[in-house]
Amino acid sequence: MAFALVKIHFVSQTSIVPITLDEIVEETREMPGDMVAELIDRILLARHGGVEPSVASAWKTEADRRIAEIESGEVKGVPLEESLGRARKIAGL
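No experiment lies behind these values; they were computed from the predicted model shown.

(A) How the structure looks around the overall build of the protein chain. The number of helices and strands found in the protein chain is four helices and two strands. For the protein chain, the α and β elements follow one another from N to C terminus as β-β-α-α-α-α. Taking all 93 residues of the protein chain together, the buried fraction comes to 5%. Total accessible area on the protein chain is roughly 8500 Å²; 61% of this is exposed by carbon and sulfur atoms.

Structure below.
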């Protein structure tokens, strides 16, 4: 059984209450999407460190280029369901 520990502070005492990973995931269902995204970013940053500035800059340049291609009509986007269907076919699912 995997669990995390959460400290609960009372006026006169501190107790440690175990919380399972399933409970953490369930708690995130109640959170706004941007808060969940920030939580994920913080966990990744804490576990793996930050993204090198040169890598972040290269990804931003690439994302900007792709957005410009779509907005100009040079490239046509593929609907999510269609691209997922393609991926499932390739994976044999």
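Once the structure has been displayed, the description carries forward.
(B) Spotlight on a nonpolar patch on the surface. A grouping of Val51, Val55 and Trp59 is seen on the molecular surface, where their side chains present a nonpolar patch of about 340 Å² in accessible area. Relative to the assigned elements, Val51 resides in the loop between helix H2 (33-48) and helix H3 (53-72).

(C) Expanded view of helix H4 (residues 80-91). Its 12 residues give H4 an end-to-end C-alpha distance of 16 Å, which sits within 8% of 16 Å, the value for a rise of 1.5 Å per residue. Trailing H4 by a residue or two, Gly92 shows a phi angle of about 75°, which is positive.

(D) Structural view of the side chain of Glu69. Mapping Glu69 onto the fold places it in helix H3. Setting aside anything within four residues of it in sequence, one finds Glu69 in contact with Glu74 and Val75.

(E) Layout of the side chain of Thr28. Within the secondary structure, Thr28 sits in helix H1 (residues 21-29). At 2.5 Å, the side chain of Thr28 and the backbone oxygen of Val25 are in polar contact. Setting aside anything within four residues of it in sequence, one finds Thr28 in contact with Val36 and Leu39.

(F) Geometry of the environment of Glu23. Relative to the helices and strands, Glu23 is located in helix H1. For Glu23, the side chain forms a polar contact with the main-chain nitrogen of Thr20, separated by 2.7 Å.

Cut-offs and rules
Residues numbered from 1 in each chain as written. Predicted model: local features only at pLDDT ≥ 70, side-chain atom pairs only at ≥ 80, totals over all residues. Heavy atoms only, no water. Helix = DSSP H or I, 4+ residues; strand = E, 2+ residues; numbered from the N terminus. Buried < 20%, exposed > 50% of the residue type's maximum accessible area, 1.4 Å probe, protein only. Areas by Shrake-Rupley, 256 points an atom, 1.4 Å probe, with all protein chains shown as cover. Patch = residues over 30% accessible without salt bridge, like charges linked within 9 Å, V, L, I, M, F, W, Y side chains within 5 Å. Salt bridge = Lys/Arg side-chain N within 4 Å of Asp/Glu carboxyl O. Expected span 1.5 Å × (residues − 1). Contact = heavy atoms within 4.5 Å. Polar contact = N/O pair within 3.5 Å; in protein donor to acceptor, adjacent residues only side chain to side chain.

Read these as layout, nothing more, since geometry by itself doesn't imply function.
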